[in-house]
Each structure stands twice: as structure tokens, then as C-alpha cells.
Amino acid sequence: MHDFHYRGRELFCESVPIREITKKTGTPVFIYSTKTLVDHIKKIQRAFRSVQPIICYSMKANSNLAVLKTLVREGAGLDIVSGGELYRAKKTGCDPKKIVYAGVGKTNREIEEAIRYGILFFNVESVPELKAIERVAIRLRKKANVSLRVNPGVDPQTHDHIATGKAESKFGLEIGTAKKIFLNRNEFPALRFCGIHVHIGSQILSGKPFVEAFWKVLSLIDELEKEGLEIQFLNLGGGLGVIYSDENPQTADEFAKNILPLFKGRRFKLVFEPGRFIAANAGILAAQVLHVKETKLKNFAIIDAAMNDLIRPTLYDAYHEVWPLVKSETASKKNYDIVGPICESGDFLAKDRHLQELREGDHLALMTSGAYGFVMSSNYNSRPRAAEVLVKGKSFFVVRKREIYSSLVNGESTPKFLAKRK
Ligand code: LLP
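From a predicted model like this one, the values you see are computed outputs, not experimental measurements.

For the rest of this paragraph, the subject is the layout of surface pockets. If you add up the space inside the largest pocket, you get close to 600 Å³. If you go around the largest pocket, you meet 29 residues; those closest to its centre are Lys60, Thr164, Phe171, His199 and Tyr372. Broken down by class, the residue content of the lining of the largest pocket amounts to nine nonpolar, twelve polar and eight charged. If you add up the space inside the second largest pocket, you get close to 370 Å³. Residue lining of the second largest pocket: 20 residues in total, with Met1, Val242, Ile243, Pro249 and Asn281 positioned closest to the centre. Viewed by domain, the lining of the second largest pocket spans two of them, domain 1 (4-31 + 280-409) and domain 2 (103-272), each represented by three or more residues.

Next comes the structure, spelled out in C-alpha cells:
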């Protein structure tokens, strides 16, 4: 569900005609709906209200401060993966006791900042990482909370690049190794082992792989409890799939119904890290057609957004629907590849789409771009990054300005020997 819809011929976000936004900001521009963001976090909160989990929005999906603040105001915690994300998290005023920190590599500086900030726990993925956290904690004379990420070896049936729970992936610890670490926890006196983490992948459409993974984790917990070890938190990761075209993903309610019975009678607190489920359908990327190029084999609509703005089609062959900002009543339909101006044949946003006949100056929306959109954008081909806008009801706010040419060289400097002419 989302709040992008046509009123008459015009595409609106909530109560704002999107053309009104693009007239003000230009294109390309990412546009997010407050109502959809809030609706999505509420859906998870409602589905799981019987167990009151800690819902840590996975901010890698979309870390614009206005988006984060929208969710934190609704009670969300945050799942972070870098010092940069911690920096953003601090700016949102999120309670540190609702921040969890994942990722296979953390620098000493990042570990120190997170310990000092008093986050809920680190999700740890290897013994060397545990040792690094232990060393920093000892230096700071503090205890650090850790939760071990296990790799349950299940196939989440999603794109290979976003599957993390398979045995051969770089993520997590084998269950046997995790058990050994828990049992030998006294080797790490500065660490408090408080939980288990499992995240098997992203854009997972059915409950089956989740249930399979959680069963494996529960039997580990049983074994640990037999040894007198109490698990305080079970972090179930993220991964809930969304609709890009004709997928039929489980709803939050169905997900809850599927998995909650597994945890009946258990004392640990559940933690979730949804990213895509909250942000994907809450955003679009609006762009303008620069040229229409018709060849014998194909029609290309060359737009002012490119793979540097939205890399998902290039990277994962991802499908994003293309909607016109203004529907024509009369135009006939044609097939188009929607491509960007970047000098790579991989620079496409959509292929072979049957759309109303396009003309220079027309505007299009690449739907479902709220997650892993702007955050994965780059300056490739020295293209300034797009603006971001947040809509709320009848109003809209620029929440990140479009970059300008001088932003492109910000931080660069010319060594003296190049300053003089040859
Ligand atoms: N927790 C952990 C430890 C993760 O690694 C991720 C995502 C999440 C939570 C959130 O997963 P979600 O609920 O969004 O599925 N760039 C890719 C997706 C990469 C996902 C990385 N990890 C894409 O555009 O499809």
C-alpha cells in the first residue's frame, strides 16, 4: 500500500500533485510520503503488539534525516551499520537503547563511538570482531553488549546479491561456532552476551525461509538454556519483501501469524530490523524525458535520471514500474527502454515497457524507489546527486537539496606542482 495515486490524469503524492514538486525542485528528485512511512511502521507494530518487539528500522534502506525522524517519532529504533549511520542516528534523537549495530567489519573508532553512546548491542559476526570489541571495551573500562549473528544456512529464495543466510555467504557465524563462543564467554570478560541475531536476506516473499531459520536458532537457544545461559534478545533481522510488480508478499499480519507461535512461552525480547518494507513503497524517483530516440529495433526514452541515481535495475535486474506524471487521454502506446545519459550500456532504469507515447519534456515516475534508492546513488559521470522531498498531506518539503557542481569537487585539492602552468 502506498499514497501515490492518480487524481484525474495527474499523479499525486498524498494531496500534492507531483508536477507541482518537480516544477519547484527540478528533476531527478526522490519524493517520499510521510503517510506511507508511518502506515508501514504501524502495520508492523500492530501485527506484533502482543509481544511489544523493539523495531529497529534498518536505516541503510533510506537514511535521510527527515525520514528517520518521521519513524523515530513513531517509536522506531534504528539498525545501523557504520559510524556514519551512528552519526545520523544521533541526530534523530533516537533512544540509544533502541539502536543495534550490525555489519561484518567495524573499525576501532566506530566501536568506541557506539560503546560511548550506549547502544543496545552490537551484532557480531566473527571471533576477530569480538576480540576487537573486547579490546576497545577494556580500554574504555566499559562493558559492551553483544549479540551473535548466526548463519542458519537456509535459502531465502531471493536475488543472490541480497541473500545472506546461505552457508557460503560472508555473514554470520555457523551455529556450532556460535554455541562454542557462548559457552566460552568467560574468555571475553568485557563483553555481555545478550542475544542472537539472524538475518537471512532481503526481499523475501514467503514465511517459509524465515520459519526454517528461526527453528534452527530456537534449537540453539534451547541448547544454551540447558547450559544455564539466558538469551535476553532474539533479533530476527529484516527481509520482508514488497510489491515491485506482481509479487504477492506476505503481509505484516501474515508474517506475525506465521512466526509468533514459534516464540510462545519464550522470555526473550524480539527485535526486528525492517528496511525495505517501511521505505520502498513510500518513495518514487521523478525524472524528465530528455530525448526520445527511435531505432529500427527499439525505442529509447533517455531521461535525466540514471544508474547513478537508482542503481537497482543495473545491479540486480530490479523491476521498477514506470508511471507518467500526467496521463495522456489520447496518446497511443509504444514500447520503450527507459535509459539514463551515463556512458555505460548497463545504464538503464526499465526495459521494454509498454507506455503512452513519450515526448521530450514528459515526466515519469520510477515507482517503489524509497528503499535502496538515494542511499545507493553516486556522482558517477560527475552527476550531482538528486534532491529529496518529503510530502505530508497538502505540503511538501525539500529535505535534501540537489547537489550543485561545486559539491562535486568539495574536498578535492590541487597539489602545488599542478597549480603552476607547465
Ligand atoms: N538487517 C540486516 C543485518 C541487513 O543486512 C539488512 C539489509 C536489513 C536488516 C534490512 O533488510 P530489508 O528489510 O530492507 O530487506 N541494496 C539491496 C538490498 C540490500 C540489503 C542489505 N541488508 C536492494 O536494493 O535490493
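Here the narrative resumes, following the displayed structure.
Counting buried residues along strand E11 (residues 191-197), six of its seven residues qualify, which places the element largely inside the surrounding structure. Two strands pair when backbone bridges link them, and strand E9 (residues 144-151) and E11 are joined in this way by six bridges, in the parallel orientation. Each residue of the ladder has a partner; that of Asn145, found in E11, is Arg192. Bridge count between E11 and strand E12 (residues 233-235): three bridges; the pairing is parallel. Across the sheet, Ile196 pairs through a bridge with Leu234, a residue of E12. Where the polypeptide runs from E11 across helix H8 (residues 208-226) and back to E12, its parallel neighbour, the crossover connection is right-handed.

Taken together, 19 residues lie near the ligand, and Ser202, Glu273, Arg312, Tyr316 and Tyr372 sit nearest. For the ligand, an oxygen atom lies 2.8 Å from a polar atom in the backbone of Arg276. A distance of 2.6 Å separates an oxygen atom of the ligand from a polar side-chain atom of Arg312. The fraction of the free accessible surface of the ligand (580 Å²) that becomes covered by protein chains is 91%. Taking a 2 Å distance to the grid points as the criterion, the majority of the atoms of the ligand fall inside the largest pocket.

In this section: the pattern of salt bridges. All told, the structure shown has 18 salt bridges when counted by the stated rule. Residue Lys60 pairs with Asp79 through a salt bridge whose shortest N-O separation is 3.4 Å. Taken together, the residues Lys60 in the loop between strand E5 (54-58) and helix H3 (65-73) and Asp79 in strand E6 (residues 77-80) connect sequence positions 19 residues apart. Judged by its relative accessible area of 32%, Lys60 falls in the partly exposed class. Measuring nitrogen to oxygen at the nearest pair gives 3.1 Å for the salt bridge that ties Glu112 to Arg139. In this pair, Glu112 is assigned in helix H5 (residues 108-117) and Arg139 in helix H6 (residues 127-140), connecting sequence segments 27 residues apart. Put simply, Glu112, Arg116 and Arg139 are held in one network by salt bridges that share partners.

Here we come to helix H4 (residues 83-92). All of the buried residues in H4 are Gly83, Glu85, Leu86, Ala89 and Thr92. Projected down its long axis, H4 shows its buried positions confined to an angular sector of 160 degrees, all on one face. If you follow the buried residues of H4, they end up packed against H3, E6, strand E7 (99-101) and H5. In the stretch just after H4, Gly93 is the one whose phi turns positive, near 75 degrees.

Moving on: the domain arrangement of the chain. How big an interface is tends to be expressed through the accessible area that disappears when the partners come together. Parsing the chain into structural domains produces domain 1 (4-31 + 280-409) and domain 2 (103-272). Spacing between the C-alpha centres of domain 1 and domain 2 amounts to 36 Å. The partner domain 2 presents seven residues to the nine residues of domain 1 that form the contact. Buried area between domain 1 and domain 2, both sides added, is near 760 Å², and the carbon and sulfur share of it is 55%. The largest per-residue losses of area from domain 1 upon contact with domain 2 belong to Tyr316, Tyr319 and Thr368, which jointly make up 50% of the total buried on that side. If you look at where domain 1 meets domain 2, you find zero salt bridges. Our enumeration of links across domain 1 and domain 2 arrives at zero residue pairs in polar contact (both at pLDDT 80 or more). Of the residues assigned to the side of domain 1 that touches domain 2, the class counts are four nonpolar, three polar and two charged.

Let us look at the sheet that holds strand E3 (residues 16-17). Across the sheet, three strands lie side by side as E1-E2-E3; this open sheet has antiparallel pairing. Strand pairing shows two members of the sheet lacking a second neighbour, strand E1 (4-7) and E3, which therefore form its edges. In this sheet, strand E2 (residues 10-13) lies alongside E1 in antiparallel orientation, the contact comprising four bridges. When the bridges of E2 are listed, His5 appears paired with Phe12.

So, about the nonpolar core. The biggest cluster of nonpolar side chains holds 104 residues, and the ones touching the most others in it are Tyr57, Phe122, Ile196, Phe214, Phe263 and Ile338. Tallying contributions element by element places H8 first for this core, with nine residues. Inspection of this core shows a minimum of three residues originating in each of domain 1 (4-31 + 280-409) and domain 2 (103-272). With sequence-adjacent residues up to four places away left out, Ile338 is seen in contact with Ala301, Ile303, Val322, Phe348, Leu349, Ala350, Leu355, Leu358 and Leu364. Listed in part, the 17 residues of the second largest apolar core include Leu11, Ile18, Val389 and Phe396.

Parameters at a glance
- Residues numbered from 1 in each chain as written.
- Predicted model: local features only at pLDDT ≥ 70, side-chain atom pairs only at ≥ 80, totals over all residues.
- Heavy atoms only, no water.
- 1 Å grid on protein atoms, 1.4 Å probe; cavity = no way out; pocket = protein on both sides within 12 Å on 5 of 7 lines; lining within 4 Å.
- Points joined across faces, edges and corners; volume = space filled by probe spheres on them.
- Nonpolar A, V, L, I, M, F, W, Y, C, P; charged D, E, K, R; others polar.
- Domains from an automatic or database assignment.
- Buried < 20%, exposed > 50% of the residue type's maximum accessible area, 1.4 Å probe, protein only.
- Helix = DSSP H or I, 4+ residues; strand = E, 2+ residues; numbered from the N terminus.
- Pairing = 2+ DSSP bridges.
- Right-handed = clockwise from strand over helix to strand, strands pointing away.
- Near = heavy atom within 4 Å.
- Polar contact = N/O pair within 3.5 Å; in protein donor to acceptor, adjacent residues only side chain to side chain.
- Areas by Shrake-Rupley, 256 points an atom, 1.4 Å probe, with all protein chains shown as cover.
- Sits in = over half its atoms within 2 Å of the grid points.
- Salt bridge = Lys/Arg side-chain N within 4 Å of Asp/Glu carboxyl O.
- Arc of directions from axis to C-beta.
- Contact = heavy atoms within 4.5 Å.
- Buried area = accessible area lost by both parts, 1.4 Å probe.
- Core = buried A, V, L, I, M, F, W, Y, C linked by side-chain atoms within 4.5 Å.

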